[in-house]
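Analysis of the macromolecular model
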Amino acid sequence: ALPPEPTPQRALALGALAENCYWQRSVDELHRISAEAVAAARATGDRAVLGRSLSKRDQALWWASTLELRAEATDEMLALVDEGARAADPLPLEIEAVALFGAAGVSWERAEVRAAESRVRRARALAGQIGSPALITQLDFFAATIDTWFGRLAAADERIDVAYELYR
């Protein structure tokens, strides 16, 4: 129903479509739809819309075969966050939090466990500021996985219990 011109609404709608079709569409189709969302967002010049579109691309392409595409998306999100901070025009905290979360996933898949841990810790702090139970829960489950990796089993158990209660 949206006109073909690049608008913030079109970028956000395409990003949401890509993310929501994760289980129904092929990786190639998700790549195409999410790339179109990012291109539309870039054309608008709205950094927050671009950040959100990149986040949706990262989520839609959550496959082992698309690691480098997700790395590109999360690297660009983090660059947008840094650019906004330097220009005293910060992006919303949720964009920074999901950028760190996505980048942590990329780090984890590359076996850069310390980098993943650092990014999860920073994202978790932001999620707490935002007050997003969904994001807090996901980050705490991820942090518990990292705790387990390092043999911090008691900490992992405690974190999982707390995350599970919040999730419920």
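Residues numbered from 1 in each chain as written. Predicted model: local features only at pLDDT ≥ 70, side-chain atom pairs only at ≥ 80, totals over all residues. Heavy atoms only, no water.

Attention shifts here to helix α6 (residues 113-130). Taking 1.5 Å per residue, 18 residues should reach 26 Å; α6 reaches 25 Å between its end C-alpha atoms and fits that length. Of all the positions in α6, only Val113, Ala116, Glu117, Val120, Ala123, Leu126 and Ala127 are classed as buried. Buried positions along α6 lie against α5 (93-109) and α7 (133-149). In the stretch just after α6, glycine 131 is the one whose phi turns positive, near 80 degrees. (Helix = DSSP H or I, 4+ residues; strand = E, 2+ residues; numbered from the N terminus. Expected span 1.5 Å × (residues − 1). Buried < 20%, exposed > 50% of the residue type's maximum accessible area, 1.4 Å probe, protein only. Contact = heavy atoms within 4.5 Å.)

Before going further, it helps to spend a moment on the packing of aromatic side chains. Tallied over the full model, the rule gives 5 aromatic pairs. Arranged with centres 4.8 Å apart and planes meeting at 90 degrees, the rings of tyrosine 22 and tryptophan 23 form a pair that is edge-to-face. A relative accessible area of 14% means that tyrosine 22 is categorised as buried. Given a relative accessible area of 75%, tryptophan 23 falls into the exposed group. Measuring from centroid to centroid gives 6.0 Å for tryptophan 108 and phenylalanine 142, while their planes differ by 90 degrees, and the two rings are edge-to-face. (Phe/Tyr/Trp six-rings, centres within 6.5 Å; stacked < 30°, edge-to-face > 60°.)

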